[in-house]
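Chain and residue survey
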Amino acid sequence: MVTGQPDHPEIEMHDVGIRYDGQWIMRHFSLRLARGEKVGLSGPSGVGKSTVLRCVLGLVEPAEGQVRVAGMPVDGQHVWEVRRKVAYVAQEPDLGQGTVRQILQRPFQYKANAHLRSNLDRAGQWLDHFNLSQSLLEKDMSTLSGGEKQRVALISAILLDRSIVLLDEASSALDKENKQKVAEFFRDAPRLTVLAVSHDAEWQNFADRNVTLSPPEAEEDGHD
C-alpha cells in the first residue's frame, strides 16, 4: 500500500443496502479502500459481489447507505467524473466489434480520453507482457478465445491510465501462469487502487486484504 494517504479513502461504502424485486440482497455493508490498496472480494454466488462493483460505478443505486469515490458521492451530479477515475473489467468483456487494434483505439476517440492517446504506443508492450502475440492487433475480436478477450480488456483498462481498477473475475478464463502474470501486475502497481472479485488463489494472495461477503440471509439476521 502507498504511504502518505489522502484524508479520504479512494473507495468508501457506508452501511449500503441493495434491494432487487423487494428483497434485500445486501444490507449494512461497509468497505473502505485507501489509495494504492488492493482488496479481494469473495463469497458464494448471489451475495452481491458484482453489485458492489456496479455501485462504485454508479450503475446500481443503493436503497440505503452511501458510496463515495475519491471523496465524491456517486450520484447524478458526480457520476461521470467518478467514471473518469475508474476502469472496469468484466468476466465476459463486451468490447464491441472490430479488430483488437480498433478496440484499443476506440476509447481515445472520446474527448475525455483524447489527451491519453499517446498511451496507445505502449499497446505492443502490454501484449508482450501478458503473453499475447502482437499479430493479435489485426485479428477480429470475434475470433479471440475467452482468455485473449480478457487480456485485451485488461490492456484497454491499463492504457486508460485510471487510478482505480475494478475487476470482476477478470482472469477466470486464463491458465495458472497467466493468472499469476495479471495478478502480479496489479500487485506491483503501487499507485493503483484495486477491488477484485475472484475466487482464484492468485488474486487472494495478491491482495493486501480479502473481504468475504455473507449470504443474503445472514445479512438480514438481527437487522430487521
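Residues numbered from 1 in each chain as written. Predicted model: local features only at pLDDT ≥ 70, side-chain atom pairs only at ≥ 80, totals over all residues. Heavy atoms only, no water.

Below, the discussion takes up the overall build of the chain. In terms of regular secondary structure, the chain is built from eight helices and nine strands. Here the C-alpha radius of gyration of the chain, 18 Å, is about what a compact globule of 224 residues would show, namely 17 Å. Along the three orthogonal principal directions, the C-alpha set of the chain runs to about 55 × 40 × 35 Å. Counting all 224 residues of the chain, 50% fall into the buried class. Counting only contacts in the chain whose residues sit at least 6 apart along the sequence, the fraction spanning at least 24 positions is 70%. Counting every atom, the chain has about 11100 Å² of accessible surface; 44% of that belongs to carbon and sulfur. (Helix = DSSP H or I, 4+ residues; strand = E, 2+ residues; numbered from the N terminus. Rg over C-alpha atoms; globule rule 2.2 N^0.38 Å. Buried < 20%, exposed > 50% of the residue type's maximum accessible area, 1.4 Å probe, protein only. Contact = heavy atoms within 4.5 Å. Areas by Shrake-Rupley, 256 points an atom, 1.4 Å probe, with all protein chains shown as cover.)

Attention now moves to the pairing of strand E4 (residues 64-69). Two elements, strand E1 (residues 11-20) and E4, share five bridges in a ladder whose sense is antiparallel. Looking across to E4, one finds that His 14 is bridged to Gln 66. Pairing geometry for E4 and strand E5 (residues 72-73), over two bridges, is antiparallel. Bridged to Arg 68 within E5 is Pro 73. Linking two consecutive strands that pair antiparallel, namely E4 and E5, is a turn of two residues; a positive phi of about 50° is found at Ala 70 within it. (Pairing = 2+ DSSP bridges.)

Right, let's talk about the sheet that holds strand E9 (residues 209-212) for a bit. Strand order in this open sheet of five strands is E6-E7-E8-E3-E9, and the pairing throughout is parallel. In the strand order of this sheet, the two ends are held by strand E6 (86-89) and E9, each with one partner. Across the sheet, the mean angle from the axis of one strand to that of its neighbour is 15°, orientation sign disregarded. Where strand E3 (residues 38-42) and strand E8 (residues 193-197) come together, four bridges link them in parallel fashion. Across the sheet, the residue bridging to Leu 41 is Val 197, located in E8. Along the sheet, helix H1 (residues 49-57) makes contact with E3, E6, strand E7 (164-168) and E8, crossing E7 at roughly 150°. (Axes fitted to C-alpha atoms, helices over the stretch in contact; angles between N-to-C directions.)

For the rest of this paragraph, the subject is the pattern of salt bridges. In the structure shown here, the tally under the stated rule is eight salt bridges. With its nearest N and O atoms 2.9 Å apart, the salt bridge here joins Glu 12 to Arg 32. In this pair, Glu 12 is assigned in strand E1 and Arg 32 in strand E2 (residues 23-33), connecting sequence segments 20 residues apart. Look at Glu 12 and you get partly exposed, because its relative accessible area is 22%. Across the pair Arg 27 and Glu 64 runs a salt bridge whose closest N-O atoms are separated by 2.7 Å. Linking Arg 27 in strand E2 with Glu 64 in strand E4, this pair joins segments that are 37 residues apart in sequence. Assessed through its relative accessible area of 11%, Arg 27 is described here as buried. (Salt bridge = Lys/Arg side-chain N within 4 Å of Asp/Glu carboxyl O.)

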